[in-house]
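Structural overview for review
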Amino acid sequence: QVQLVESGGGSVQAGGSLRLSCAASGRTSSTTMGWFRQTPGKEREFVAAISYFSVTKYNEDSVKGRFTISRDNAKGMVYLELNSLKPEDTAVYYCAARGGRTSAVDTDYPYWGQGTQVTVSS
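Quick look at the structure, then. (Residues numbered from 1 in each chain as written. Predicted model: local features only at pLDDT ≥ 70, side-chain atom pairs only at ≥ 80, totals over all residues. Heavy atoms only, no water.)

Some words on the side chain of E6
Selection criterion: Only runs of H or I of at least four residues qualify as helices and only runs of E of at least two qualify as strands under DSSP, and these elements are numbered from the N terminus. Think of a polar contact as two N or O atoms within 3.5 Å of one another; within protein, one of them needs to be a possible hydrogen donor and the other a possible acceptor, and neighboring residues in sequence only count if both atoms come from side chains. The contact definition used throughout considers only heavy atoms, calling two residues in contact when any of these lie within 4.5 Å.
Within the fold, E6 resides in strand β1 (residues 2-7). Engagement of the side chain of E6 in a polar contact is seen with the backbone nitrogen of Q114, the distance being 3.0 Å. A distance of 2.9 Å separates a polar atom in the side chain of E6 from the backbone nitrogen of G115. For E6, the residues in contact, after removing those within four places along its chain, are S21, C22, W35, Y93, Y94, C95, G113, Q114, G115 and T116.

Observations regarding the nonpolar core
Formally: Side-chain atoms within 4.5 Å are what join buried Ala, Val, Leu, Ile, Met, Phe, Trp, Tyr and Cys residues into a set we call a nonpolar core. Summary of the burial criterion: residues with accessible area below 20% of their type's maximum are buried, those above 50% are exposed, and those between are partly exposed, where the area comes from a 1.4 Å probe applied to protein chains only.
Counting residues in hydrophobic clusters, the biggest one holds 25 residues, and the most contacted among them are M33, W35, L80 and Y93. Of all the secondary structure elements, the ones that give two or more residues to this core are β1, β3 (18-26), β4 (31-38), β5 (45-50), β7 (67-72), β8 (77-82), β9 (91-99) and β11 (116-121). Once residues lying within four places of it in the same chain are set aside, the contact partners of L80 are L18, R19, L20, W35, V47, A48, F67, T68, I69 and Y93. Judged by nonpolar contacts, the second largest core, of five residues, contains F36, F46, A96 and Y109.

Quick notes on the sheet that holds β1
Basically, it comes down to this: Only strands that DSSP links by at least two bridges are regarded as paired with each other. A fitted line through C-alpha atoms serves as each axis, taken over the contacting stretch for helices, and the angle formed by two N-to-C directions is quoted from 0 to 180°.
With antiparallel pairing, four strands are arranged side by side in an open sheet as β1-β3-β8-β7. The open sheet is flanked by β1 and β7, the only strands paired with a single partner. The average undirected angle you get between the axes of adjacent strands in this sheet is 15°. Pairing between β7 and β8: six bridges, direction antiparallel.

Structural notes on the environment of E43
Relative to the assigned elements, E43 resides in the loop between β4 and β5. Distance in space between the C-alpha atoms of E43 and D106 is 10.0 Å, their sequence separation being 63 residues. When near neighbours in sequence (up to four residues on either side) are disregarded, E43 contacts R37 and Q38.

Topic: the pairing of β4
Within a regular strand, the side chains alternate between the two sheet faces. Burial analysis of β4 places seven of its eight residues in the buried class, which makes it a mostly covered element. Here β4 runs beside β9; their pairing, made up of eight bridges, is antiparallel. Considered in β9, the bridge of T31 is made with G99. The hairpin formed by β4 and β5 contains six residues between the paired strands, and G41 there has a positive phi angle of roughly 85°.

Geometry only, nothing functional implied.
What follows is the structure, encoded as structure tokens:
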């Protein structure tokens with residue numbers, strides 16, 4: 001079992017930055033961590049993922065060059081740095097965990113946090 005708790009969401013103006021954090025506890029060894037986001041009425045969207053050894057994968061179409069995922073295995077933390085934010089980045093951001101390689105498919109992740117709201121105003 002893996003428990004995940006996100007933090008760091010908030011409201012910013014377009015062009016601003018936020019840093020999301022995800023605290024992982026439980027059986028976190030060798031886990032791949034992912035960030036997804038969701039807005040009302042839409043399907044959950046992959047944002048980024050990072051393997052235990054920091055191999056990364058991004059949704060290049062929507063976050064290329066603006067978001068950075070990282071992790072600190074010793075602290076059990078995963079981070080998502082959000083820069084140059086746009087109103088269309090507004091969503092609830094979820095942290096997720098799985099064993100194995102990075103994946104952009106949400107159903108590959110059995111463990112999820114409760115989400116943190118990011119709101120970007122124009």
